[in-house]
Amino acid sequence: MYEKAYSIPLKGSISAKSNNLSILAQDSMNSYAVVGSYALHLTIMKGNNSFKELSIRVTSEDKKIPLNLIDAKFCIFKERAILVALSNKNIFFYNEDGSSLIYSYLLKDDTANPCAVISLNQNMVVVGTSVGSLLFFEVPSKGDKISLLTEIKEKSIQGSVTCLATDKKDCIICVGDSTGNCVVFDCQEIQNLKIENISKFSLSQNSVTCICMWKDFVITSYSHGVISIYDINQDCHLLDIHAHARYINSLDVCKDLLVSSGEDCFFRVWQLNEINKMIKVLFKKIFTKK
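Residues numbered from 1 in each chain as written. Predicted model: local features only at pLDDT ≥ 70, side-chain atom pairs only at ≥ 80, totals over all residues. Heavy atoms only, no water.

Asks: Describe the overall build of the protein, listing the residues and the values that go with them.
Replies: When you go through the protein residue by residue, the secondary structure sums to 0 helices and 24 strands. Relative to its length of 290 residues, the protein is compact, with a C-alpha radius of gyration of 19 Å against a globular reference of 19 Å. Dimensions of the protein along its principal axes, counting C-alpha atoms only, are 55 × 50 × 35 Å. Counting all 290 residues of the protein, 47% fall into the buried class. Within the protein, contacts between residues at least 6 apart in sequence are counted, and of these 40% link residues at least 24 apart. Of the charged side chains in the protein, 31 are positive and 30 negative; the average position of the first set lies 7 Å away from that of the second. (Helix = DSSP H or I, 4+ residues; strand = E, 2+ residues; numbered from the N terminus. Rg over C-alpha atoms; globule rule 2.2 N^0.38 Å. Buried < 20%, exposed > 50% of the residue type's maximum accessible area, 1.4 Å probe, protein only. Contact = heavy atoms within 4.5 Å. Lys, Arg positive; Asp, Glu negative; His and termini not counted. Charge placed at Lys NZ, Arg CZ, Asp CG, Glu CD.)

Below you can see the structure in the form of structure tokens.
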């Protein structure tokens, strides 16, 4: 049922960070971005062949000290796409092929670091920080006039933001933190710089490693190998799955399939079923070094 497709070449080594892969799918070419310790690696594929490979190294203002990279994601809007990279104190905005830096932002709070990033359809980029705040940036349809709109601090986010997710309509933002909390916000009033806390659940004291949404369900993974599913409409916890023996470092949904991988070297595909609230393994494979 499943077979290995083509491999994606990268210019350097990859950091063992959660969901360390971002994809920009276009008509004729797909772009793949991952972060290493001190470089952002970007590969553009045309069909099964590599069209362009580059590594972007970010440095301090005097260009002498390389900065440690935390995350990188493609942020896709109606008129454009950009690539956002997070370092210890800085947020870098690049054009979609990584060839030029559009804008950079230095966090004012000495105790805060950017930790996770996601985009909203309203031409906004949301960055979660280590102090539990959310930074909202406005991105114009063209040009480099990117600006910070607001910083929102919610008491319900009690630890460092570890991951972010939105629904397909960008009406909901889900925030996972290092204390095991998952907070769901209604962001339909985000143009008025307001978000409303509509749900919060804490199913574990272990850090949330990944988060994604499937229909009206929030799916979270944790550092001790458990996947949890929460029903937003019913405001109830549905089930826990002891999916992996160790830290879960990736989680994604495609149609009614959930994909997970962990530090136990297993990759699993799960069948989601909304009617009977069940989940089962369709496929699993262990990856070993050759």
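Asks: Outline the pattern of salt bridges, supporting the account with residue identities and numerical values.
Replies: Following the criterion strictly, the structure yields 4 salt bridges and no others. When the shortest N-O distance is used, the salt bridge between R246 and E263 registers 3.7 Å. Here the residue R246 occupies a position in the loop between β20 (236-242) and β21 (248-254), and E263 occupies one in the loop between β22 (257-262) and β23 (266-273), the gap between them amounting to 17 residues. The residue R268 makes a salt bridge to D264 at a minimum N-O spacing of 4.0 Å. (Salt bridge = Lys/Arg side-chain N within 4 Å of Asp/Glu carboxyl O.)

Asks: Which residues make up the pairing of strand β2 (residues 30-35), and what values go with them?
Replies: Side-chain direction in a regular strand flips from residue to residue, so the side chains alternate between the two faces of the sheet. Summarising burial for β2: 5 of the 6 residues are buried, a large majority. Both strand β1 (residues 22-25) and β2 contribute to a ladder of 4 bridges, which runs antiparallel. Within the sheet, the bridge partner assigned to S22 lies in β2 and is A33. Linking β1 to β2, which pair antiparallel, is a turn of 4 residues. Pairing of β2 with strand β3 (residues 40-46), which is carried by 6 bridges, proceeds in the antiparallel orientation. Among the inter-strand pairings, A33 is bridged to a residue of β3, identified as L42. The antiparallel pairing of β2 with β3 creates a hairpin that spans 4 residues between the two strands. (Pairing = 2+ DSSP bridges.)

Asks: Report on the sheet that holds strand β15 (residues 181-186), specifying residues and quantitative values.
Replies: Reading across from one edge, β13-β14-β15-β16 is the order of the 4 strands in this open sheet, with antiparallel pairing throughout. If you trace the sheet from one side to the other, it starts and ends with β13 (161-166) and β16 (196-202), each paired once. Within this sheet the neighbouring strands show an average axis-to-axis angle of 20°, counted without direction. Taken together, the 6 bridges between β15 and β16 define a ladder with antiparallel strand orientation. Within the sheet, the bridge partner assigned to V183 lies in β16 and is K200. (Axes fitted to C-alpha atoms, helices over the stretch in contact; angles between N-to-C directions.)

Asks: Just give me the short version of the pairing of β13, but keep the residues and values in it.
Replies: Here β13 lies mainly inside the structure; 5 of its 6 residues are buried. Pairing geometry for β13 and strand β14 (residues 172-177), over 5 bridges, is antiparallel. Within β14, the residue paired with V161 across the bridge is D177. Hairpin connection from β13 to β14: 5 residues lie between these consecutive antiparallel strands, with D170 at a positive phi of about 60°.

Asks: Describe the sheet that holds strand β12 (residues 147-153), naming the residues involved and giving the relevant values.
Replies: Strands sit in the order β9-β10-β11-β12 across an open sheet of 4 strands; the sheet is antiparallel. Whereas interior strands pair on both sides, the edge strands pair on one side only; in this sheet they are β9 (114-120) and β12. Direction aside, neighbouring strands of the sheet carry axes that sit 20° apart on average. For β9 and strand β10 (residues 124-129), the ladder comprises 6 bridges, and the chain directions are antiparallel. Bridged to P114 within β10 is T129.

Asks: Please give an account of unusual backbone geometry that cites residues and values.
Replies: One non-glycine residue, K215, adopts positive backbone phi at about 55°. Position of K215 among the secondary structure elements: in the loop between β17 (208-214) and β18 (217-222). Backbone geometry places D235, a non-glycine residue, at a positive phi of 55°. Structurally, D235 is set in the loop between β19 (226-231) and β20.

Read these as geometric descriptors, not functional statements.
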